[in-house]
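Structural features, examined
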Amino acid sequence: MIDLRSDTVTAPTEAMRAAMARAEVGDDVFGEDPTVRRLEERVAELFGHEAALYTPTGSMANVLAVRTLVGPGQEVLCESSAHIARAELGAHAAYTGLTMRTWTGEHGQVDLPAIQRLHAPDLGPFFVPTKAVSVENTHNFAGGVVQALDDLRALRQWATSAGTRIHVDGARIWNAHVATGAALADYGAIADVMAVCLSKGLGAPVGSLVVGSSDAIAESRVWRKRMGGGMRQVGILAAAGLHALDHVERLADDHRHARLLAEACGVDPSSVDTNIVVVPHDDPPAFVAAAREGGVLVAALGRTAVRLVTHLDVSREDAERAAKVLGGLAGHPRGSAQPA
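What you see as residue numbers is a count from 1 along each chain, following the sequence as written. A pLDDT threshold of at least 70 governs which residues receive local features in this predicted model, and a stricter bar of 80 or more applies before side-chain atom pairs are shown or counted, although totals over entire chains, interfaces and linings include all residues. To obtain the side-chain values, all non-hydrogen atoms of the structure were used and water was disregarded.

**So, the overall build of the protein chain**
Secondary structure follows DSSP: runs of H or I at least 4 residues long count as helices, runs of E at least 2 residues long count as strands, and numbering of each begins at the N terminus. What the protein chain contains, in helices and strands, is 14 helices and twelve strands. Only C-alpha atoms enter the radius of gyration, while the globule expectation follows 2.2 Å times N to the 0.38, with N the number of residues. Relative to its length of 340 residues, the protein chain is compact, with a C-alpha radius of gyration of 20 Å against a globular reference of 20 Å. Viewed in the frame of its principal axes, the protein chain has a C-alpha envelope of about 65 × 50 × 35 Å. Throughout, exposure labels follow a simple rule: accessible area from a 1.4 Å probe, protein chains only, divided by the maximum for the residue type, with under 20% read as buried, over 50% as exposed, and the rest as partly exposed. With 340 residues in all, the protein chain has 54% of them scored as buried. In these tables, accessible area is a Shrake-Rupley quantity obtained with a 1.4 Å probe, and a residue counts as shielded only by the protein chains included in the view. Within the structure as shown, the protein chain displays about 14200 Å² of accessible surface, and the carbon and sulfur contribution to it stands at 51%. Neither His nor the chain termini are counted; the positive set is Lys and Arg, and the negative set is Asp and Glu. A single reference atom marks each charge: NZ on Lys, CZ on Arg, CG on Asp, CD on Glu. Computing the positive centroid from 31 side-chain charges and the negative centroid from 40, the protein chain places the two 3 Å apart.

Here it is, written out as structure tokens:
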């Protein structure tokens, strides 16, 4: 099977396993795991922030990050298909007591005029105040779209003038960096606090980080423990993240493979920024079932599309074979092979 359901399905490489096996460890709840400390310091430096905190999941990292900006009864604004709004099971409301309002951006992108219209200043004990804007980069459900750096800078400038802070969900920020060549520190400069993930395109088995000021990270460390996220000799896992950071540039291969799949499925490859392809289809469950019969795993994305995600475990040969199978199903056959 060629698994294109998500870039979270990868297995650690032998080199990553070796790095994990030789990791120096300590008790991270006491702040004494040297490998975790190296990872946190390295990631904070990459994004130009003071500190970082290792977490077991991306959802936990997002909850911790947003709650440093938005308190109970306050609101965060985000795009209507953002991961924090649609795919974290209401965790932000459940743990923080915050509310959300959303704009709908073309391809999930930042729409500053729409954000400005939604923004609610603090008018005292009468209305819910807007405390933060959350931006997802790259945007998962919009097909791995990269947020334009100029748009992000315009948002940053306006938010500063409005006294509003910015959270960046950077689960796949590494893909944006490789696709555009923009420095990670340039993306980091947009955010007051951000979350980044190691277990998607980078191929680590687990782990994300909250990135921000020393105060935000100290607060998040307390809440991580409160939420059950305190971990002990977790340097074994952090070592996988350090190894992954040495190989970020290989994401370019995933992007090339995604464009190959897009072309086979009748999607304009120039519209594919990174490693995610959204293929419109009037019967996603049937498409998913037929693809499985042809040896390819894909995921339905709602009622009108399927999602294909390339990653570390999908070689060029795999991508070409999948393109033949999926192209036939999408009505744009590539080569002669067809699903059984």
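Structure shown, so let's carry the discussion forward.
**Looking at the sheet that holds strand β11 (residues 299–300)**
Strand order in the open sheet formed by three strands is β9-β12-β11, with antiparallel pairing between adjacent strands. The open sheet is flanked by β9 (276–280) and β11, the only strands paired with a single partner. For two strands to count as paired, DSSP must find a minimum of two bridges between them. Here β11 pairs with strand β12 (residues 305–309) via two bridges, running antiparallel. The residue of β12 that forms the bridge with Ala-299 is Arg-307.

**Quick word on a nonpolar patch on the surface**
Residues with no salt bridge and a relative accessible area higher than 30% make up the patches, which join like charges within 9 Å and nonpolar side chains (Val, Leu, Ile, Met, Phe, Trp, Tyr) within 5 Å. What makes a salt bridge here is a side-chain nitrogen of Lys or Arg within 4 Å of a carboxyl oxygen of Asp or Glu, nothing more. On the surface, a cluster of nonpolar side chains totalling about 390 Å² of accessible area is made up of Leu-123, Phe-126 and Phe-127. On the secondary structure map, Phe-127 appears in the loop between α6 (112–118) and β5 (130–136).

**Quick word on the sheet that holds strand β2 (residues 51–55)**
What the seven strands build is an open sheet, ordered β2-β8-β7-β6-β5-β3-β4; its pairing is mixed. Because the sheet does not close on itself, it has two edges, and the strands there are β2 and β4 (99–103). Neighbour-to-neighbour, the strand axes of this sheet turn through a mean angle of 20°, independent of strand direction. Judged from the four bridges that link them, strand β6 (residues 165–170) and strand β7 (residues 193–197) form a sheet pairing that is parallel. When the sheet's bridge partners are listed, Gly-170 is paired in β7 with Val-196. Orientation is described by axes fitted as lines to C-alpha atoms, over the contacting stretch for helices, and by angles from 0 to 180 degrees between their N-to-C directions.

**Description of the packing of aromatic side chains**
Ring geometry is summarised as follows: Phe, Tyr and Trp rings, the Trp one being its six-membered ring, pair when their centres sit within 6.5 Å, and such pairs are stacked at plane angles under 30 degrees, edge-to-face over 60 and tilted between the two. The full count for this structure, using the stated rule, is one aromatic pair. On the basis of an interplanar angle of 65° and a centroid distance of 5.4 Å, the ring pair of Phe-47 and Trp-174 is categorised as edge-to-face. Of the two residues, Phe-47 sits in the loop between α2 (34–46) and β2 while Trp-174 sits in helix α8 (residues 173–180), which places them 127 residues apart along the sequence. Each member of the pair Phe-47 and Trp-174 is classed as buried. Charge-over-ring placement is defined geometrically: NZ (Lys) or CZ (Arg) within 6 Å of the ring centre, and within 35 degrees of the ring normal. When the ring centre of Trp-223 is taken as reference, the NZ or CZ atom of Arg-226 above it lies at 4.6 Å.

**Examining the state of the cysteines**
Here, a disulfide means two cysteine sulfur atoms that sit within 2.5 Å of each other. This structure, assessed with the given rule, holds zero disulfides. Cys-197 forms no disulfide, and the closest cysteine sulfur to it belongs to Cys-78, at a distance of 19 Å. On the accessibility criterion, Cys-197 (3% relative accessible area) is buried.

**Quick look at the pattern of salt bridges**
Taken as a whole and judged by the stated rule, the model has 14 salt bridges. Put simply, Asp-192 and Arg-156 hold a salt bridge, and the shortest N to O gap is 3.0 Å. Linking Asp-192 in the loop between α9 (184–188) and β7 with Arg-156 in helix α7 (residues 149–162), this pair joins segments that are 36 residues apart in sequence. The salt bridge partner of Arg-256 is Asp-253, with a shortest N-O separation of 2.3 Å. One end of the pair, Arg-256, and the other, Asp-253, are both in helix α12 (residues 251–264), three residues apart, so they sit about a helical turn from each other. A residue is classified by how much of its surface remains accessible, and Arg-256, at 42% relative accessible area, is partly exposed.

**Describing the packing of α8 against α12**
Packing of α8 against α12 leaves a shortest axis separation of 9 Å and a crossing angle of 80°. Judged on the interaxial angle alone, α12 and α8 are roughly perpendicular. Contact residues: Trp-174, Asn-175, Val-178 and Ala-179 in α8; Leu-251, Ala-252 and His-255 in α12. Just so you know the grouping, Ala, Val, Leu, Ile, Met, Phe, Trp, Tyr, Cys and Pro go in nonpolar, Asp, Glu, Lys and Arg go in charged, and all remaining residues, Gly too, go in polar. For the contact of α8 with α12, the residue count by class is five nonpolar, two polar and no charged. Throughout this description, any angle smaller than 35 degrees is read as roughly parallel, any larger than 145 degrees as roughly antiparallel, any in the 65 to 115 degree range as roughly perpendicular, and the remainder as oblique. What makes two residues a contact is simply this: any of their non-hydrogen atoms within 4.5 Å.

**So, the packing of α2 against helix α11 (residues 235–245)**
As a packed pair, α2 and α11 sit with axes 8 Å apart at the nearest point and diverge in direction by 35°. With respect to the hand of their crossing, α2 and α11 are arranged in left-handed fashion. Only Gly-235, Ala-238, Ala-239, Gly-241, Leu-242 and Leu-245 of α11 make contact with α2, whose side of the interface consists of Thr-35, Val-36, Arg-38, Leu-39, Arg-42, Val-43 and Leu-46. Residues belonging to the contact of α2 with α11 are distributed by class as follows: eight nonpolar, three polar and two charged. Should the near helix be turned counterclockwise from the far one by less than a right angle, the crossing is left-handed, whereas a clockwise turn marks it as right-handed.

**With respect to the side chain of Lys-200**
Examined against the element boundaries, Lys-200 turns out to sit in the loop between β7 and β8 (208–212). Asp-7 provides the closest opposite charge to the buried, salt-bridge-free Lys-200, at an N-O distance of 6.1 Å.

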